[in-house]
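Coordinate analysis (summary)
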Amino acid sequence: MTSASLDPVSERLVVTGARGQLGRALLRLAPGARGYGRDELDITDLEAVRAVLNPGDVVLNCAAYTAVDQAETDVDAAFAVNASGPAVLAAVCAAIGADLVHVSTDYIFPGTADRPYEPNDLAGPTTVYGRSKLAGEQAVLDLAPDSRIVRTAWVYTGEGSDFVATMRRLERERDTVTVVADQIGSPTYAPDLAAGLLELAGRLPDSTRPDSPDAAGRRAIPRILHATNAGQASWFELARAVFAGLGADPERVLPCGTADFPRPAPRPAYSVLSGKTWVSAGLSPLREWERALDDALTSISD
C-alpha cells in the first residue's frame, strides 16, 4: 500500500493523539488534516472537544494511554484517556453529525487463543490498560451509532522508543540481546496502518453534503475491524528480523521465556488479530509484516 491517493477526506479529517507515532504517520499522509496532541486538546474536556469539531468531520482517535505497566498503578489516568476521552469524542460526534474512527488494541483479548482473533470474539482483558481500552470501545459503540473501532497491535515506526527502535539501539550497544520468544502477535508498521485508516475514512460519507455518495451504495463496513500487517511473529522473531535487516548477525538475538522477564502487567501469550473482516469490507489488506519492516529500516537508513 502506498500513500498515493490516500487523502480523500483531508479537509474533514481530525487526528487526536497527533504527536504519537500513528498520529504523525497520518498527518504525513494527509497533511491537510487538523491534528491535536494532548497539550493542544484534552479529549476528556467536553467543551474543548466541541470547540474544535465540526459537522461532517471524520475524527481518527489515536490518543491513548499506552504505558501498560504504569497503568497497573495509574488506573485513573489510564481510564481517563482510554475510556472517558473516547466517550466524550463519541458523544460530541453523535451530537453534531461527525464520524469517529477509534483505534483500539489486541490487549482487550485474554491472549489465550490458538487462532487469530476475530472482531466478535469474546473480550477478556487481563491488564488495567486492556480494561481501560475495552471500556473506551464500549463507550464509543454505545454513544456514537455510526462510529467504527479499529483494533491493531504491536505498532512501530523504528524510531523513538518502540520495540524496533530499541532493537536498533541494542544492536549497536550489545554483543547479544535476549528477547521473549513465547509471545506471538502482529507487528504493524505505523505508516501502513495510517494508510488503512485513511482508506476507511474515505469510505465514510459526509452527511452534511447532499452530493455525498450514499452509505447504502457502499459495501457495508462493520462497527469493529482489525487492521495489522499480515502474518505473525514472536518478539524474538521480530528482533532477529530487525538484526538481519540491519545487516547484523541474527544469531546475536537469543530466546527466553516470559517468566524470565516478569512485568507488572501480564502480556498476552497470543494476540494475533485476524484481518478477514477488514478485507471482507472491501478495504485493502495490509502487506506482510516482513516487507513492512524492510521498508521501515530502509526509510530510517535513508
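Quick note: structure is the one above.
Now for a look at the structure at hand. (Residues numbered from 1 in each chain as written. Predicted model: local features only at pLDDT ≥ 70, side-chain atom pairs only at ≥ 80, totals over all residues. Heavy atoms only, no water.)

**Here we look at the side chain of arginine 12**
Rules: A run of H or I in DSSP counts as a helix once it spans at least four residues, and a run of E counts as a strand once it spans at least two, with each numbered from the N terminus. Under the rule applied, a polar contact is a pair of N or O atoms within 3.5 Å (in protein, one hydrogen donor and one hydrogen acceptor; residues adjacent in sequence only if both atoms are side-chain atoms).
Tracing the backbone shows arginine 12 in the segment before strand 1 (13–16). In this structure the side chain of arginine 12 is engaged in a polar contact, spanning 2.6 Å, whose partner is the backbone oxygen of glycine 56.

**Focus: the pattern of salt bridges**
What counts here: The term salt bridge refers to a side-chain nitrogen of Lys or Arg lying within 4 Å of a carboxyl oxygen of Asp or Glu. Type-normalised accessible area, obtained with a 1.4 Å probe on protein chains alone, sets the label of each residue: buried when under 20%, exposed when over 50%, and partly exposed for intermediate values.
In the structure shown here, the tally under the stated rule is 14 salt bridges. Salt-bridge contacts for arginine 50 lead to glutamate 47; the nearest nitrogen and oxygen are separated by 2.8 Å. Placement of both arginine 50 and glutamate 47 in helix 2 (residues 46–52) is noted, with a separation of three residues, approximately one turn of the helix. Overall, arginine 50 belongs to the partly exposed group, its relative accessible area being 47%. Judged by its relative accessible area of 51%, glutamate 47 is exposed. Among the salt bridges present, the one from glutamate 137 reaches arginine 151, with a minimum N-O distance of 2.8 Å. Residue glutamate 137 is located in helix 5 (residues 128–143), and its partner arginine 151 is located in strand 5 (residues 148–152); the two are separated by 14 residues in the primary sequence. Residue class for glutamate 137 comes out buried when judged on its relative accessible area of 2%. Judged by relative accessible area, arginine 151 falls into the buried class, the value being 4%. One salt-bridge network, in which partners are shared between bridges, spans Asp69, Arg263 and Arg267.

**What to know about the pairing of strand 3 (residues 58–61)**
Note the following rule: One requirement defines pairing of two strands: DSSP has to find at least two bridges between them.
Here strand 3 shows a buried face lined by Val58 and Leu60 and a second buried face lined by Val59 and Asn61. Across four bridges, strand 1 lies against strand 3 in parallel orientation. Note on strand 3: the bridge partner recorded for valine 14 is valine 59. Direction of pairing for strand 3 relative to strand 4 (residues 99–105): parallel, over a ladder of four bridges. What sits directly across from asparagine 61, in strand 4, is histidine 102.

**A word on the packing of aromatic side chains**
Applicable threshold: When two rings of Phe, Tyr or Trp (its six-membered ring) have centres within 6.5 Å they constitute a pair, described as stacked for plane angles under 30 degrees, edge-to-face for angles over 60, and tilted for the intermediate range.
This model, assessed by the stated rule, comprises five aromatic pairs. Here tyrosine 107 and tyrosine 129 contribute two aromatic rings whose centre-to-centre distance is 5.3 Å and whose plane-to-plane angle is 75 degrees, an arrangement assigned as edge-to-face. In this pair, tyrosine 107 sits in the loop between strand 4 and helix 5 while tyrosine 129 sits in helix 5, placing the two residues 22 residues apart along the sequence. Residue class for tyrosine 107 comes out buried when judged on its relative accessible area of 13%. Summarising the aromatic geometry, the rings of phenylalanine 163 and tryptophan 235 are spaced 4.6 Å apart at their centres and angled 50 degrees between planes, so their arrangement reads as tilted. Pair noted here: phenylalanine 163 is in helix 6 (residues 163–173) and tryptophan 235 is in helix 8 (residues 235–245), with a separation of 72 residues, a long-range link. For phenylalanine 163, a relative accessible area of 22% gives the class partly exposed.

**Thoughts on empty space enclosed by the protein**
Note the following rule: Grid spacing is 1 Å over the protein atoms alone, the probe is 1.4 Å, and a cavity is where that probe fits but cannot get out, while a pocket is an open set with protein on both sides within 12 Å along at least five of seven lines and lining residues have an atom within 4 Å of a point. Grid points are joined across faces, edges and corners, and a volume is the space filled by probe spheres set on the points.
Inspection of the entire model under this criterion finds one cavity of 30 Å³ or more. In this structure, the largest cavity spans a volume of roughly 30 Å³. Taken together, Tyr107, Trp154, Gln183, Trp235, Arg267, Pro268 and Ser271 form the lining of the largest cavity.

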